[in-house]
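# Examination of the molecular architecture
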Amino acid sequence: MPWSEITPRQFDSMEKELDGISKQTMQDHYKLYEGYCKKTNETRKILKDFDYSEIEGNQVYSALRATAVDYTFALLGFKNHELYFGHLGGSGGEPDGRFAELIEEELGVDAWKDSVRKSASAARGWVMVGYDLNDGSIFNYIMDTQNLWAVYNMVPVLALDVYEHAYARDFGATPDGRKEYVEAFFRNLDWDHVNRQVAQAEAAREAAQAAGRESDA
Ligand SMILES: [Fe+2]
């Protein structure tokens, strides 16, 4: 499928009064998301237009290396924020539905929430909760930037942005401020959205397994 330009989406969470996370923070944050979108398109075009028969490949510095690396930063900046803005604006509460079932089988709901809280303090960029298409497990990934340390075949189902731009205005750029922000994040989370992500991921895994069985037959 040929790649087409991506465009910023509108999110319900931008129109709502969130509990603890101000509209100004959300609006400023949205501008960053628009920037990732623009830079994704820009870097992708550069990568498409390079003359690969002539271009230098150099691991210390080369235009190819710099563009290819920063392309992933821009694209994941876009994708991570799509999920983040998409699942804010809910009524919070405890995890429910299929997501709750899955974490109950692993850490249990309380331990999972504590894991997210501690991971939010340990990460420099994101806590990304992902569903693994290979084994169907859920894991809380710590990401130090938008494009570091998540794994292949992981479908993000919950994304917690812990960069300071997400909370400094409302809670202060301190470790305690970040902790208060994480609680506010939970209060505004839309678990139905999380569960839709899980349902899509599980459907993809089941389809892949069915295709595998067919090719073995
Ligand atoms: Fe962000």
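Please refer to the structure placed before this passage.
Just so you know, these numbers come straight off a predicted model, no measurement behind them.

Criteria and cut-off values
- Residues numbered from 1 in each chain as written.
- Predicted model: local features only at pLDDT ≥ 70, side-chain atom pairs only at ≥ 80, totals over all residues.
- Heavy atoms only, no water.
- Donors = N, O, S within 2.8 Å, 3.2 Å for Na, K, Ca; no water.
- Tetrahedral: all angles 85-135°; square planar, octahedral: opposite > 155°, others 65-115°.
- Helix = DSSP H or I, 4+ residues; strand = E, 2+ residues; numbered from the N terminus.
- Buried < 20%, exposed > 50% of the residue type's maximum accessible area, 1.4 Å probe, protein only.
- Pairing = 2+ DSSP bridges.
- Salt bridge = Lys/Arg side-chain N within 4 Å of Asp/Glu carboxyl O.
- 1 Å grid on protein atoms, 1.4 Å probe; cavity = no way out; pocket = protein on both sides within 12 Å on 5 of 7 lines; lining within 4 Å.
- Points joined across faces, edges and corners; volume = space filled by probe spheres on them.
- Axes fitted to C-alpha atoms, helices over the stretch in contact; angles between N-to-C directions.
- Parallel < 35°, antiparallel > 145°, perpendicular 65-115°, else oblique.
- Contact = heavy atoms within 4.5 Å.
- Nonpolar A, V, L, I, M, F, W, Y, C, P; charged D, E, K, R; others polar.
- Arc of directions from axis to C-beta.

## Notes on the coordination of the iron ion
- Protein coordination of the iron ion is provided by H29 (NE2), H81 (NE2), D161 (OD) and H165 (NE2), with donor distances spanning 1.9 to 2.1 Å.
- What the 4 donor atoms of the iron ion show is an angle range of 87 to 152° at the metal, which sorts the shape as irregular.
- Between the donor residues of the iron ion, the gaps in sequence give the motif H-x51-H-x79-D-x3-H. Of this pair, H81 sits in helix α3 (residues 63–86) while D161 is found in strand β3 (residues 154–161), placing the two residues 80 residues apart along the sequence.
- Classification of H81 as buried rests on a relative accessible area of 0%.
- On the basis of relative accessibility, which here comes to 0%, the residue D161 falls in the buried class.

## So, the pairing of strand β2 (residues 138–143)
- Alignment of strand β1 (residues 126–132) against β2, held across 6 bridges, turns out to be antiparallel. By the bridge assignment for β2, Y131 is matched with I138.
- Once β1 ends, the chain turns through 5 residues before running back antiparallel as β2, passing G136 with a positive phi of about 75°.

## Quick look at the pairing of β3
- Among the 8 residues in β3, 6 count as buried, and that is most of the element.
- Across 7 bridges, β1 lies against β3 in antiparallel orientation. Paired with Y131 across the strands is V155, a residue of β3.

## Focus: the pattern of salt bridges
- Per the stated rule, a full pass over the model turns up 13 salt bridges.
- Across the salt bridge formed by K31 and D28, the nearest N and O atoms sit 3.9 Å from each other. Taken together, the positions of K31 and D28, both in helix α2 (residues 23–49) and 3 residues apart, correspond to about one turn of that helix.

## A look at the layout of surface pockets
- By volume, the largest pocket amounts to about 620 Å³.
- Listing elements by their share of the lining of the largest pocket, those giving two or more residues are α3, β3 and α8 (191–216).
- Sort the elements by how many residues they give to the lining of the largest pocket and α3 lands first, with 10 residues.

## So, the packing of helix α4 (residues 97–105) against α8
- Between α4 and α8, the least distance of the axes is 7 Å, while the angle of their chain directions is 70°. Between α4 and α8, the crossing angle belongs to the class labelled roughly perpendicular. Residue-level contacts link G97, R98, F99 and L102 of α4 to W191, V194, N195, V198 and E202 of α8.
- Each residue belonging to the contact of α4 with α8 can be placed in one class, and the counts come to 5 nonpolar, 2 polar and 2 charged.

## Remarks on unusual backbone geometry
- Within the chain, W149 stands out as a residue other than glycine whose phi angle is a positive 85°.
- Positive phi, close to 65°, is recorded for N153, a residue that is not glycine.
- With respect to the helices and strands, the residue N153 is situated in the loop between β2 and β3.

## Some words on α4
- Where α4 is concerned, the buried positions are F99, A100, L102 and I103. For α4, the angular spread of the buried residues around the axis is 160°, confining them to a single face.

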